[in-house]
Amino acid sequence: MNKMSTLLIMLFICLNATAQDITGSWTGKLNLNGMKLNLVFNITKDKDGTMTCTFDSPDQGAKGIPAEISVTDGTKVKIDIPAIKATYEGEMKDGMLKGSLSQSGMSFPLEMKPGTVKRNRPQTPRPPYPYTTEEVTFGNAADNVSLSGTLTYPEGFDKRGKGSVPVVIMVTGSGLQNRDEEIFDHKPFLVIADFLARNGIASLRYDDRGAGKSTGDPATATSENNMKDALAAIEYIHKTGKFGKTGILGHSEGGGIAFMIAARGKADFIVSMAGPGTDGTEILVKQNEMALKLSGVPTETADEYCKALRAVLTAVTHNDTTSTAHDIIKRAGIKLPAPAINNLSMVMKQCSSPWMRYFIAYNPAEDIKNTRCPVMAINGGKDTQVEAETNLAAISNLLPQISGNLIKTYPGLNHLFQPCTTGLPAEYGQIEQTISPEVLKDIAEWINKQPRG
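Conventions used here
Residues numbered from 1 in each chain as written. Predicted model: local features only at pLDDT ≥ 70, side-chain atom pairs only at ≥ 80, totals over all residues. Heavy atoms only, no water. Helix = DSSP H or I, 4+ residues; strand = E, 2+ residues; numbered from the N terminus. Buried < 20%, exposed > 50% of the residue type's maximum accessible area, 1.4 Å probe, protein only. Contact = heavy atoms within 4.5 Å. Areas by Shrake-Rupley, 256 points an atom, 1.4 Å probe, with all protein chains shown as cover. Lys, Arg positive; Asp, Glu negative; His and termini not counted. Charge placed at Lys NZ, Arg CZ, Asp CG, Glu CD. Pairing = 2+ DSSP bridges. Axes fitted to C-alpha atoms, helices over the stretch in contact; angles between N-to-C directions. Parallel < 35°, antiparallel > 145°, perpendicular 65-115°, else oblique. Left-handed = near helix turned anticlockwise from the far one by under 90°. Nonpolar A, V, L, I, M, F, W, Y, C, P; charged D, E, K, R; others polar. Phe/Tyr/Trp six-rings, centres within 6.5 Å; stacked < 30°, edge-to-face > 60°. Core = buried A, V, L, I, M, F, W, Y, C linked by side-chain atoms within 4.5 Å.

Moving on, we get to the overall build of the chain. Along the backbone of the chain there are twelve helices and 16 strands. Across the 453 residues in the chain, those meeting the buried criterion constitute 47%. Taking the contacts inside the chain whose residues are at least 6 apart along the sequence as the reference set, 63% of them involve residues at least 24 apart. Summed over all atoms, the accessible surface of the chain reaches about 21700 Å², with 53% contributed by carbon and sulfur. Averaged over its 47 positive side-chain charges, the chain has a centre that lies 2 Å from the centre of its 48 negative ones.

In this section: the pairing of strand β16 (residues 406-410). A regular strand places its side chains so that they alternate between the two faces of the sheet. With five bridges connecting them, strand β15 (residues 375-380) and β16 associate as parallel partners. Its bridge partner being in β16, alanine 377 is matched across the sheet by isoleucine 407.

This paragraph deals with the environment of lysine 93. Residue position: lysine 93 is located in strand β6 (residues 86-93). Residue class for lysine 93 comes out partly exposed when judged on its relative accessible area of 43%. Along the sequence, lysine 93 and leucine 147 sit 54 residues apart, while their C-alpha atoms lie 50 Å from each other.

With that out of the way, let us pick up unusual backbone geometry. Omega for the peptide link from proline 127 to proline 128 comes to 5°, which places this bond in the cis form. Even without a glycine there, the phi angle at asparagine 144 is positive, about 55°. With relative accessibility at 69%, the residue asparagine 144 sits in the exposed group. One non-glycine residue with positive phi stands out, namely phenylalanine 417, at about 65°. If you trace the backbone, phenylalanine 417 turns up in the loop between β16 and α12 (437-448).

Let us now look at the sheet that holds strand β13 (residues 246-251). What holds strands together in a sheet is hydrogen bonding between their backbones, with the strands either parallel or antiparallel. As summarised here, the arrangement of the eight strands in space is β9-β10-β12-β11-β13-β14-β15-β16, forming an open sheet in which the pairing is mixed. Looking along the sheet, the strands with just one partner apiece sit at the ends: β9 (132-140) and β16. Ignoring which end each strand starts from, the neighbouring axes of this sheet average 20° apart. Helix α2 (residues 188-197) contacts β10 (145-153), β11 (167-171), β12 (202-206), β13 and β14 (269-273) of the sheet and is inclined by roughly 175° relative to β11. Contacts from helix α4 (residues 253-263) reach β11, β13, β14 and β15, with the element oriented near 150° to β13.

This next bit is on the packing of helix α5 (residues 280-294) against helix α6 (residues 299-317). At a minimum axis separation of 9 Å, α5 and α6 run at an interaxial angle of 160°. As summarised for this structure, α5 and α6 are arranged roughly antiparallel, according to the angle between their axes. Here α5 and α6 pass one another in a crossing that is right-handed. Of the residues in α6, those in contact with Thr281, Glu282, Leu284, Val285, Asn288, Glu289, Leu292 and Lys293 of α5 are Thr299, Ala302, Asp303, Tyr305, Cys306, Leu309, Arg310, Leu313 and Thr317. Classifying every residue of the contact of α5 with α6 by side-chain character gives eight nonpolar, four polar and five charged.

Taken as a whole and assessed by the stated rule, the structure comprises 13 aromatic pairs. Here phenylalanine 41 and tyrosine 88 contribute two aromatic rings whose centre-to-centre distance is 5.4 Å and whose plane-to-plane angle is 45°, an arrangement assigned as tilted. Note that phenylalanine 41 is positioned in strand β2 (residues 35-45) and tyrosine 88 in strand β6, a separation of 47 residues in sequence. Relative to phenylalanine 243, the ring of phenylalanine 157 lies with its centre 5.7 Å away and its plane at 45°, an arrangement referred to as tilted. Residue phenylalanine 157 is found in the loop between β10 and β11, and its partner phenylalanine 243 is found in the loop between α3 (223-240) and β13; the two are separated by 86 residues along the sequence.

Structurally, the position occupied by lysine 85 is in the loop between β5 (76-81) and β6. Lysine 85 gets classed as exposed once you look at its relative accessible area, which sits at 73%. Sequence separation of lysine 85 and serine 104 is 19 residues, and the distance between their C-alpha atoms is 7.4 Å. Setting aside residues no more than four positions away along its own chain, lysine 85 makes contact with Ser102, Gln103 and Ser104.

What follows is about the nonpolar core. One finds Leu204, Phe243, Ile248 and Ile270 to be the most contacted residues of the largest nonpolar core, which totals 39 residues. Mapped onto this core, the elements with two or more residues apiece are β9, β10, β11, β12, α3, α4, β15 and α11 (388-398). Looking at this core element by element, the count peaks at seven residues for α3. In this structure, isoleucine 248 is in contact with Val168, Ile169, Val171, Ile234, Ala258, Ile261, Ala267, Phe269, Ile270 and Val271, ignoring residues within four places of it in sequence. Core analysis: the next-biggest nonpolar cluster, separate from the first, contains 27 residues, Ile328, Ile329, Ile341 and Met348 among them.

Right, here's the structure in full:
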């Protein structure tokens, strides 16, 4: 009887082991030429036992990508991710999923363990704050958009004279962003707003149209539409009658919008953080050149690809709707492998969006030339999205020589003004620091040096 009981117990243990529960989140790090990329599978089971799965790539800011999952023998897992044409195949062993991820004919070992990616963001401020914040709503009537944001008053605001406190309106970079410009669990605009408030400066940051609590369709918006939203923020601030000088602090695309607003005489000062000094075509070509070479692509191959990319973007700018990427590349006499040509075909499709068409054609030169207010223009020396040397040189050469202008490059910092190794976007989420304290200090000191009243 005891032997039978022992046999039944062992059978139960074996059956239980082969039917392990794989629901929940699983995380692992993919090794891509020495660069570690966090990946997450989120697996759930319905009441009827049907399994569903989504895929996250936190280091690339991608979450909730639909995936298809199948489980055989209770331990063997296959997950297809159609959006990126990738497949993961693994097996449950010792509480882990051990297998590999395949994409574009290449296979990479990938072990997954239970849990999600936990970020440490020490600069993110936590309440209680020593200053006051207010939830506000204002509108861009021309585009029928309602914008929601946070107005942050500095410490001691009530004790300072009316109209004496400077205020900064923050304008985000490209893509759909909330009021904190949140990316990879970093909240740069929240960190900046907190630092400014502790240094006597008010700020207004708001959700982009279509993000957070703001209305509007971002799919139809261009940088010009986004500029009009920022102008609506300026009008709202003026109507409150509470503040002194009103400035724009813009990051990336927002830095370009800052110059657009300044050229129209609507800002008392601007801070352009990694804002463009050249047209969108130049920005994109330089982006790709730096990314390819830093990723180990041979210089000749990278140069040929960028030459082809320039040709494609030029065709789009000239409204060439009949040529394919293959046609354009062939006419230019450029030889590229099929995957590169396919990628450029995808680029052409992306260029059909209103925002992209405006971006690649827009040249900020005239707006920079017509800027008459004080300017602080800064870049990270390792910025691979808006390359510092080219863009700051263009801004410096175009900008009227006004007392108080500051143009500065921060060596070793990336597009988000973080200390980095390569400057590539894949590093953003892996870096704990949100923004360099030196940059925060310089911004606050420069704004506080601007004439009051």
